[in-house]
Amino acid sequence: MSAFQQRGRFKISTFKLPIWEHHDEIQRVIRQNRSLVLQAPPGAGKTTGLPLMLRRDDGWTFQAASDGQLWCIQPRRLAARMAAMRVADQIACRVGQQVGYHVRSDRRESNETRILMMTPGMFLRRMLADSFLENVVAVVLDEFHERSIEMDLALSMTHLLRGSVRDDLRLIVMSATLEPQPIVDFLGDASGIVTRGRSFPVATVYRPLSAELFRSSGASRGQWPAEFAAAIADAAAQQSAGDVLVFLPGVGEIRLLATACSHSSRLQDFDIRILHGGLGPDKQDAALRPSGRRRIILSTNVAETSVTIDGVTVVVDSGKARVSRMNPRTGLPGLAIESISVASADQRGGRAGRTSPGTAIRLWDERTHRSRPARDLPEILRGDLCPSRLWIRAWDAVEPDAMKWLDSPSGEAVERADETLRQLAAIDAGGAITPLGKQMTNLPMHPRWGRMLIQAQRDDCECVAALVAAMLSERDPFRALGRDAPVDLDERVAILIEDVPATTMADDAVGRSRDLNAAAPDRPSREQVWQNAGRFLRSLRGVARHGRQRDEDDRQRTRQQWRNLAPEVWQRVLLSGFPDRVCQRRGMVVPKTSAASTYKNVADGRARMVGGKGVRLPPGNRLDRHRFFLAIDVEDRGEDAQVRLAAAVDREQLSADLISVMTEPHWDETAGAIRCRRVTRYLDLVLDETPTKMIANDATAAMLASVLESHFDQYFPPSHTLVQFLARIECLRAAGLWPDSPTTTSPTELRNRLIRKACERSLSVDQVLAANWKSITQSSLDYKQTQVLRTDAPENWRLPGGREVRLDYCADRKPRLETRIGDFYGVTEHPRVLGGRVPIQLHLQNPAGRTEQITEDLPGFWSGSYALVRKAMRGRYPKHDWPEDPATASPPMPRRRRE
């Protein structure tokens, strides 16, 4: 035993933890001022042992100020509180003295505190208040494998701080399952240590249920709790002693299973406890307190990573968790029940072997287990980045895009988060945080709720807004009702506040009335919402806690505010937090003589949301009469997302800062022309558009040119001057006669440049086709090119009689000429172009204009097949001259025009 251990400050059990076997190695890394990455399996004692290993009676084991604190960051409030209690117990002090904690709505800390447990949210909040962590000697990130965005942000910010102004700050990252090497590589100056754990054997049993777990509707919705309770009873019977820890995805599932367990005759002798993050500290402590009977602890994943729960020998794992994920189709975050990873299942199962041999029951089959991902996807790659992007700006130590991450988020997710912050007025157009954004960071909640509460405080309805934020931000108290839950947000608020009698809600669009009591959530859910609303109000007022009377006063004030709340004020408050959720009904007729908020009903409920996503309201709700509404919660199914929660809004309440009026050109394909309309938009949602006069400008020229370039063959006939001009150049190029210049471009680039020139003063295809193309084309050539084009690829050919006929250069790059046979009487040499290298393809026609002969050898035609043509033509056209020897005959004289 070392001299430090002999001081007797710690209980002897502390030194039996496996982590103490690495005492000297850990001390050496810390003294070298290097970062430490510690992988310690469950039972190694890292959470309670490492802080005590670093703390000495006279200060710290490394050179640092003796009055500095060690901050140990735990992923959840329960874990932080339990860890503080366990460490305090080891040194025989009360929590709040040498060892304390700081979690949301609960803080135990004093001037004596040297080891402080806290959640990542509290760490970030305290870091904003003290950017350099002046009073901190070391930061420990525990259970890092959970990889929340806040934990990743804490790692990045601490690492940046160490590399800039706090090279004396120690950083320790600990995890039960995460491989150390990627974190070591990220930190650069870190050392990785892997310790052994201390646990008893755990037998793993696969016992899949026949009923589909956590089905929200249908027959099996009522089947799984009873079968789940039977599985718990079977597991408890296999283990003669010890408590049962059951993992479930959420509070709703916990309550359903608790009811089933209480009705099971096989579980009557068990003490059923409920544990989740929404419980207050007293209730969490009560759930973990030892009992005279065997306990069944029904828990969310808050019990997955925390200090040991004494007495647990059986774990029953549903294999599911409620996961926050950003929907790439809608751009909206949402919670979904998903299968956990193999690492998470191992972590849960290990809870059964902390104090004695145990059993882990997995309610899925072994084949399914093999197909599960090895680890959970970090939240930064799937979650909402709005809070973290705002935190970085508020910290003001680094540009947000320069922040280094262990796993970098996608550029699309970053841009989406920044756009939301701009819409919330938390950052300006340049990305800098605004005074309003700084206010929002002072509130421990999502920027949406912070923005909404700040606006509500200005409008004297902060109590109602806090209740709504509490209802929306965590667990939906109406989830158990499934599709029967009210869609209208106002209806849900009325139910929670209990401000109206059971059946006095106004009749909705289909003439029915709702029984509010029948739609009400259960009492615990409602009470939880009220408690969270009180927490939000305390944050808004900047106070740590309220007395019971103040909480009751706030409830009464909430009811009073709701009674007196004007619809336009409430809509303004909701829009401040959800500016990007505005939806506009499709196909709705706006009567000219009606009020702006009254519209002709549309039965199918289809609408378009900001961003372009299609949504659909369920049939039979009072929102049918509104043209605009907020889609606060949607379920992405098929082409149109199903709206699960919405609130009506009037157009007049849409923020003027987000409305733009622009005169925009658009392409009218039917008319083949640019038309103009005056468009009023809210963000990208078109509110109104009216035709207006169009004037040619750069925008119209670019649009028209784009259409003509992409559909060139459709709009330009082969005979057009531009087509022939380009063909003449290509013929010369193929013959090797075209003189290139320094400005020579490809044929396509030349064509597009000429089209853009012609579009400068045009608004339609007809105007472009009728432009002065001779001038446009000639201006694109230099002198030498102009001369070559005129002499070697002439546009017209002069006939022997003096008449000029246009040459066609588009027929397989063979110049051709169409004229009557008699126009070439007396010609003994075949006409040629391109420096005499290419014969013109003559299409010789009869007097009716029909081609009788195609030839590239005129003398051969005269001496050959002409005789047969002459014989046929003399009988058909006797008034015309058909000489026996056309090579010596005179061509006909040009006809005189009648005066």
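Calculation rules
- Throughout this document, residue positions are counted from 1 along each chain, in the order its sequence is written.
- With pLDDT at 70 or above as the cut-off, local features in this predicted model cover only qualifying residues; side-chain atom pairs require 80 or more to be listed or tallied, and sums for whole chains, interfaces and linings still use all residues.
- Calculated side-chain values reflect all of the structure's heavy atoms, with hydrogen atoms and water omitted.
- By this definition, two strands are paired if DSSP reports at least two bridges between them.
- Strands are runs of DSSP state E lasting at least 2 residues, helices are runs of H or I lasting at least 4, and numbering of each runs from the N terminus.
- Axis lines are fitted through C-alpha atoms, for helices just across the contact stretch, and the angle between N-to-C directions can take any value from 0 to 180 degrees.
- The contact rule is simple, with two residues in contact once any of their heavy atoms fall within 4.5 Å.
- For each structure, a 1 Å grid was placed over the protein atoms alone; sets of points admitting a 1.4 Å probe that cannot get out are labelled cavities, open sets with protein on both sides within 12 Å along at least five of seven lines are labelled pockets, and lining residues have an atom within 4 Å of a point.
- Grid points are joined across faces, edges and corners, and a volume is the space filled by probe spheres set on the points.
- Note on residue classes: Ala, Val, Leu, Ile, Met, Phe, Trp, Tyr, Cys and Pro are nonpolar, Asp, Glu, Lys and Arg are charged, and everything else, Gly too, is polar.
- Centres within 6.5 Å make a pair out of two Phe, Tyr or Trp rings, where for Trp the six-membered ring is used; the pair is then stacked when the planes are under 30 degrees apart, edge-to-face when over 60, and tilted otherwise.
- Each residue's exposure class comes from its accessible area (1.4 Å probe, protein chains only) as a fraction of the maximum for that residue type: buried when under 20%, exposed when over 50%, partly exposed otherwise.
- By definition, being over a ring means that NZ of Lys or CZ of Arg is both within 6 Å of the ring centre and within 35 degrees of the ring normal.

Peer 1: What's the story with the sheet that holds strand 24 (residues 659-668) in this structure? I'm lost.
Peer 2: One key point about sheets: their strands pair by backbone hydrogen bonds, in either a parallel or an antiparallel sense. A sheet is described by the order of its strands in space; here three strands give the open sequence 24-25-26, paired in antiparallel fashion. The outermost strands of the open sheet, each flanked by one partner alone, are strand 24 and strand 26 (685-692). Taken over all neighbouring pairs, the strand axes of this sheet differ in orientation by 30 degrees on average, direction set aside. Note: strand 25 (residues 673-682) against strand 26, seven bridges, orientation antiparallel. Considered in strand 26, the bridge of R681 is made with V686. Lying over the sheet, helix 23 (residues 698-710) contacts strand 24 and strand 25, oriented at roughly 35 degrees with respect to strand 24.

Peer 1: What should I look at first to understand the side chain of T313 in this one?
Peer 2: Relative to the assigned elements, T313 resides in strand 15 (residues 312-317). Dropping the residues within four chain positions of it, T313 is found in contact with Q239, A241, G242, D243, A352, S356, P357, G358 and T359.

Peer 1: Could you clarify how one ought to interpret empty space enclosed by the protein in this entry?
Peer 2: Rolling a probe over the atoms, with the probe sized like a water molecule, indicates the empty space that remains. Taken as a whole and judged by the stated rule, the model has three cavities of 30 Å³ or more. Roughly 50 Å³ of internal volume is contained in the largest cavity. R125, P387, L390, W391, M440, T441, L443, M445 and P447 together form the lining of the largest cavity. Every element with two or more residues in the lining of the largest cavity is listed here: helix 13 (386-395) and helix 15 (435-441). With three residues, helix 13 is the largest single contributor of residues to the lining of the largest cavity. Here the residues of the lining of the largest cavity are counted per class, giving seven nonpolar, one polar and one charged. Each pocket or cavity is described by its volume, and for the second largest cavity that value is around 40 Å³.

Peer 1: Honestly, the packing of aromatic side chains in this entry has me stumped. Any pointers?
Peer 2: In this description, an aromatic ring pair is defined by two values, namely the gap between the centres and the angle between the planes. Enumeration according to the criterion identifies 11 aromatic pairs in this entry. With a centroid separation of 6.1 Å and an interplanar angle of 55 degrees, the aromatic rings of Y825 and W862 are classed as tilted. Of this pair, Y825 sits in the loop between strand 29 (816-820) and strand 30 (832-833) while W862 is found in helix 30 (residues 858-863), placing the two residues 37 residues apart along the sequence. This pair shows no difference in class: Y825 is buried, exactly as W862 is. When the centroid spacing of 5.9 Å and the interplanar angle of 85 degrees are considered together, the rings of F861 and Y866 count as edge-to-face. The burial state of F861 is the same as that of Y866; both residues are buried. Taken together, the aromatic side chains of Y825, F861, W862 and Y866 make up a single cluster linked through ring pairs. The ring of W364 has R372 lying over it, and the distance from NZ or CZ to the ring centre is 4.1 Å. The lysine or arginine in question, R751, covers the ring of F712, its NZ or CZ lying 4.6 Å from the ring centre.

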